[in-house]
Amino acid sequence: MNGTRVLVLNSGSSSVKYQLIDMHGGDRLAVGLVERIGEETSRLKHTPAGGGSREWSGPVADHDAALKAVAAELAGDGLGLDSPELAAIGHRVVHGGRRFTEPTVVDDAVLAEIERLIPVAPLHNPANLTGIRTAQQLRPDLPQVAVFDTAFHTTMPESAARYAIDVETADAHRVRRYGFHGTSHAYVSRETARLLGRAPEDVNVIVLHLGNGASASAVRGGRCVDTSMGLTPLEGLVMGTRSGDMDPAVIFHLMRVGEMSADEIDTLLNKRSGLIGLCGDNDMREIRRRVDAGDERARLAFDIYIHRLKKYIGAYSAVLGRVDAVAFTAGVGENSAPVREAAVAGLEGFGLAVDGELNAVRGDGARLISPAHARVAVAVVPTDEEMEIATQTYALVNDSGNLT
Ligand code: AMP
């Protein structure tokens, strides 16, 4: 195999995000996205390495058309998919169930298994599959690698992965905790060890991935031992539009007393809850602006968000026994100093504190924000899921010998 480039594709239900990365040096040769696929006003934005984005709007009927448009943009920069430099295409796949514990070269059996998992990931796996199938048609000779959001969490012990419900019923319907954002938790826990100048095997880290979706994980020596998302990405932290943890009886109550259907409650908990349900906004910047202006609803939403976050920091401190670092990542975690400060406030007993000045510094790189000599390091570690997918994809096709 001679090529050194990997195309990373993240195919959502109505969007495709992509990055072409040269694995010798890690340069991003092009990044872009197609959104609102299937609408009249689809939009493509393509940015080559030197800058100078190109954008256009118009109907893109389906993922097939979207990928062909992406291929045409890349070809316009001399980076066409027919290039011998392209080593593989790495696909983000949200749900890999229990079977996929590692990135996997796609064949018919792998496609069938991803399809079989659609009932536990009805929004994501169908779009991921479409992305893979379309890419296969464009380059049938090239390895297509599936990198699963769930894979990093498959090391969780049964005590963390099982719900305390009837075992036969759970197994019959594959009800268990799978966890998500795995590529981010893997990347950030490793980068945190690097920031501390230690090997991942020697470090215990609590990773707080706080984006519009949010999840926490407890990582012991590079292996995930617990994470906050469960069967679906609904469990755990308060998120932009999702409730996170709740008494499951709320659902029966809303069915019986509120006369709501399962679908209505699904929409309520996934789309109209979390920060947006509590205060009408899901963007932390706007919520902080309202809090600073004295808005009580925004204040309450912020406090509920922080309260849940603290509970998970405490719980995962107990799960790990010894914590070396707490790492904040994703849109909120990387950018919101008030969230980081509030999440750690009062946890001095756990060895946790942030230095006000370090926390206020804005920057792109991984950095420590805890005071010098703190028992537990607190860090901001920007996530890079595309680079992680590309790295895993490239390592796999190189390890597997001459796959092209
Ligand atoms: P993600 O899902 O990782 O892309 O994160 C998206 C979320 O990050 C947005 O909904 C915002 O709430 C949050 N965010 C982005 N930039 C900032 C910022 N400068 N300050 C606070 N929150 C931010």
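So, how was this worked out
- For every chain, the first residue of its written sequence is number 1, and the numbers climb from 1 along that sequence.
- In keeping with the predicted nature of the model, local features appear solely for residues at pLDDT of at least 70, side-chain atom pairs appear and are counted solely at 80 or more, and the whole-chain, interface and lining totals rest on all residues.
- Calculation of side-chain values draws on the structure's entire complement of heavy atoms; hydrogens and water are dropped beforehand.
- Going along the chain from the N terminus, every DSSP run of H or I of four or more residues is numbered as a helix, and every run of E of two or more is numbered as a strand.
- All radius of gyration figures rest on C-alpha atoms, and the globule criterion is 2.2 Å times the number of residues raised to 0.38.
- Buried residues are those whose accessible area, probed at 1.4 Å on protein chains only, stays under 20% of the maximum for their type, while exposed residues exceed 50% and partly exposed ones sit between those limits.
- Any two residues whose heavy atoms approach within 4.5 Å are treated as being in contact.
- In short, Shrake-Rupley with a 1.4 Å probe defines the accessible areas, and a residue's cover is counted only from the protein chains shown.
- Axis definition: a line fitted to C-alpha atoms, over the contacting stretch in the case of helices. Angles run 0 to 180 degrees between N-to-C directions.
- By definition in this entry, angles of less than 35 degrees are roughly parallel, angles greater than 145 are roughly antiparallel, angles of 65 to 115 are roughly perpendicular, and the rest are oblique.
- Should DSSP find at least two bridges between two strands, the strands are regarded as paired.
- Every case where a carboxyl oxygen of Asp or Glu lies within 4 Å of a side-chain nitrogen of Lys or Arg is listed as a salt bridge.
- Crossings are sorted by hand: turned counterclockwise from the far helix by less than a right angle, the near helix makes the crossing left-handed, and turned clockwise it makes it right-handed.
- Note on residue categories: nonpolar means Ala, Val, Leu, Ile, Met, Phe, Trp, Tyr, Cys or Pro, charged means Asp, Glu, Lys or Arg, and polar means any other residue, Gly included.
- We call a residue near a molecule or strand whenever a single non-hydrogen atom of that residue lies within 4 Å of it.
- Here a polar contact is taken to be a pair of N or O atoms separated by no more than 3.5 Å, where protein atoms must pair a possible hydrogen donor with a possible acceptor and residues adjacent in sequence count only if both atoms sit in side chains.
- Two rings belonging to Phe, Tyr or Trp (six-membered ring only in the last case) form a pair when the distance between their centres is within 6.5 Å. Interplanar angles under 30 degrees mark stacking, angles over 60 mark edge-to-face geometry, and anything in between is tilted.
- Should the NZ of a Lys or the CZ of an Arg lie within 6 Å of a ring centre and within 35 degrees of the ring normal, that charge is described as sitting over the ring.
- Every definition here rests on a 1 Å grid over the protein atoms only: cavities are sets of points where a 1.4 Å probe fits but cannot get out, pockets are open sets enclosed by protein on both sides within 12 Å along at least five of seven lines, and lining residues have some atom within 4 Å of a point.
- Grid points are joined across faces, edges and corners, and a volume is the space filled by probe spheres set on the points.

Q: When you look at the overall build of the chain in this model, what are you seeing that I'm missing?
A: Looking only at helices and strands, the chain features 15 helices and 14 strands. The globule rule puts the C-alpha radius of gyration for 404 residues at 22 Å, and the 21 Å found for the chain is close to it. Here the C-alpha coordinates of the chain stretch approximately 55 × 55 × 45 Å along the principal axes. Burial statistics for the chain: of 404 residues in total, 50% are counted as buried. Residue pairs in contact within the chain that sit at least 24 positions apart in sequence constitute 63% of those at least 6 positions apart. Summing over all exposed atoms, the chain offers an accessible surface of approximately 17900 Å²; the carbon and sulfur share of this is 52%.

Q: How do you make sense of the packing of helix 6 (residues 182–196) against helix 15 (residues 385–399) when you look at a structure like this?
A: Each pair of packed helices gets described by two things: the angle between the helix axes and the distance between those axes. For the pair helix 6 and helix 15, the least separation of the axes is 9 Å and the interaxial angle reads 90°. With respect to helix 15, the axis of helix 6 lies roughly perpendicular. For the pair formed by helix 6 and helix 15, the contact residues are T183, S184, A186, Y187 and R190 on the first element and E385, E388 and I389 on the second.

Q: Help me understand the sheet that holds strand 3 (residues 27–35) in this model?
A: In a beta sheet, neighbouring strands are held together by backbone hydrogen bonds and run either parallel or antiparallel to one another. On the basis of which strands lie adjacent, the open sheet formed by eight strands has the order 5-4-3-2-1-6-8-7 and mixed pairing. Single-partner strands in this sheet number two, and they are strand 5 (54–58) and strand 7 (104–105). Bridging between strand 1 (residues 5–11) and strand 6 (residues 86–93) involves five bridges; their strand directions are parallel. Its bridge partner being in strand 6, V8 is matched across the sheet by G90. On top of the sheet, helix 3 (residues 125–138) reaches strand 1, strand 6 and strand 8 (144–148); it is set at about 165° to strand 6, its chief contact.

Q: Can you walk me through the pattern of salt bridges in this structure?
A: Proximity of charged atoms lets side chains of opposite charge pair with each other. Inspection of the entire model under this criterion finds 28 salt bridges. E235 is the salt-bridge partner of R177, the closest N and O atoms lying 3.3 Å from each other. Of the two residues, R177 is situated in the loop between helix 5 (167–172) and helix 6 and E235 in the loop between strand 11 (223–227) and helix 7 (249–256); the sequence distance between them amounts to 58 residues. Residue E235 is classed as partly exposed on the basis of its relative accessible area, which comes to 22%. One salt-bridge network, in which partners are shared between bridges, spans R98, E158, R162, D171 and R176.

Q: Is there a simple way to think about the packing of helix 2 (residues 108–116) against helix 3 in this case?
A: Packing of helix 2 against helix 3 leaves a shortest axis separation of 9 Å and a crossing angle of 160°. In terms of their interaxial angle, helix 2 and helix 3 are classed as roughly antiparallel. Between helix 2 and helix 3 the crossing geometry is left-handed. Packed against helix 2, whose contacting residues are L111, I114 and E115, the element helix 3 presents N125, L129, I132, R133 and Q136 at the interface. Class assignment of the residues belonging to the contact of helix 2 with helix 3 gives a composition of four nonpolar, two polar and two charged.

Q: Teacher, can you tell me more about the sheet that holds strand 9 (residues 204–210) here?
A: Taken in spatial order, the six strands line up as 11-10-9-12-14-13 in an open sheet, and their pairing is mixed. Looking at the sheet topology across the chains shown, the edges are occupied by strand 11 and strand 13 (367–368). As judged from the four bridges shared by strand 10 (residues 214–220) and strand 11, these two strands associate in the antiparallel manner. In the sheet register, V219 faces strand 11, and the bridge partner there is C224. Its contacts with the sheet place helix 11 (residues 296–320) against strand 9, strand 10 and strand 11, and it is angled at close to 160° to strand 9. With respect to the sheet, helix 13 (residues 337–344) is in contact with strand 9, strand 12 (325–329), strand 13 and strand 14 (377–380), its orientation differing from that of strand 12 by roughly 150°.

Q: How should the site of the ligand be read in this particular structure?
A: Residues in close proximity to the ligand include G211, N212, N282, D283, M284, R285, A330, G331, V332, N335, S336 and R362, which together make up its full environment. A distance of 2.9 Å is found between an oxygen atom of the ligand and a backbone nitrogen or oxygen belonging to G331. Between an oxygen atom of the ligand and a main-chain N or O atom of V332, the distance comes to 3.4 Å. Coverage of the ligand by the protein amounts to 70% of the 500 Å² it exposes when considered alone. Only helix 10 (284–292) and helix 12 (330–335) provide two or more residues apiece to the shell around the ligand. By residue class, the composition of the shell around the ligand is three nonpolar, six polar and three charged.

Q: What am I meant to see in the side chain of D324 here?
A: Looking at where D324 falls in the secondary structure, it is placed in the loop between helix 11 and strand 12. Take D324: its relative accessible area is 11%, and that puts it in the buried class. Reaching out from D324, the side chain makes a polar contact with the side chain of R322 at a distance of 2.6 Å. If sequence neighbours within four positions are ignored, D324 has contacts with L196, R198, D202, V203, N204, V376 and A377.

Q: What am I meant to see in the packing of aromatic side chains here?
A: For any pair of aromatic rings, geometry is given as the distance between the ring centres together with the angle between the planes. What the rule picks out here adds up to two aromatic pairs. Aromatic pair F100 and F148: ring centres 4.4 Å apart, planes at 5°, arrangement stacked. Taken together, the residues F100 in the loop between strand 6 and strand 7 and F148 in strand 8 connect sequence positions 48 residues apart. Comparing F100 with F148 shows no difference in burial state: the two are buried. Above the plane of the ring of F302 lies R288, whose end atom (NZ or CZ) is 4.6 Å from the centre.

Q: In this structure, what is going on with the layout of surface pockets? I would like to understand it.
A: By rolling a water-sized probe across the atoms, one finds the places where empty space is left. When its volume is computed, the second largest pocket comes out at roughly 500 Å³. Forming the walls of the second largest pocket are 25 residues, and the residues nearest its centre are F152, A186, R190, G222 and Q392. Secondary-structure elements contributing two or more residues to the lining of the second largest pocket are strand 8, helix 6 and helix 15. Broken down by element, the lining of the second largest pocket gets its largest block of residues, six residues, from helix 6. Looking at the lining of the second largest pocket, its residues break down into eleven nonpolar, nine polar and five charged.

That is the geometry; function is a separate question.
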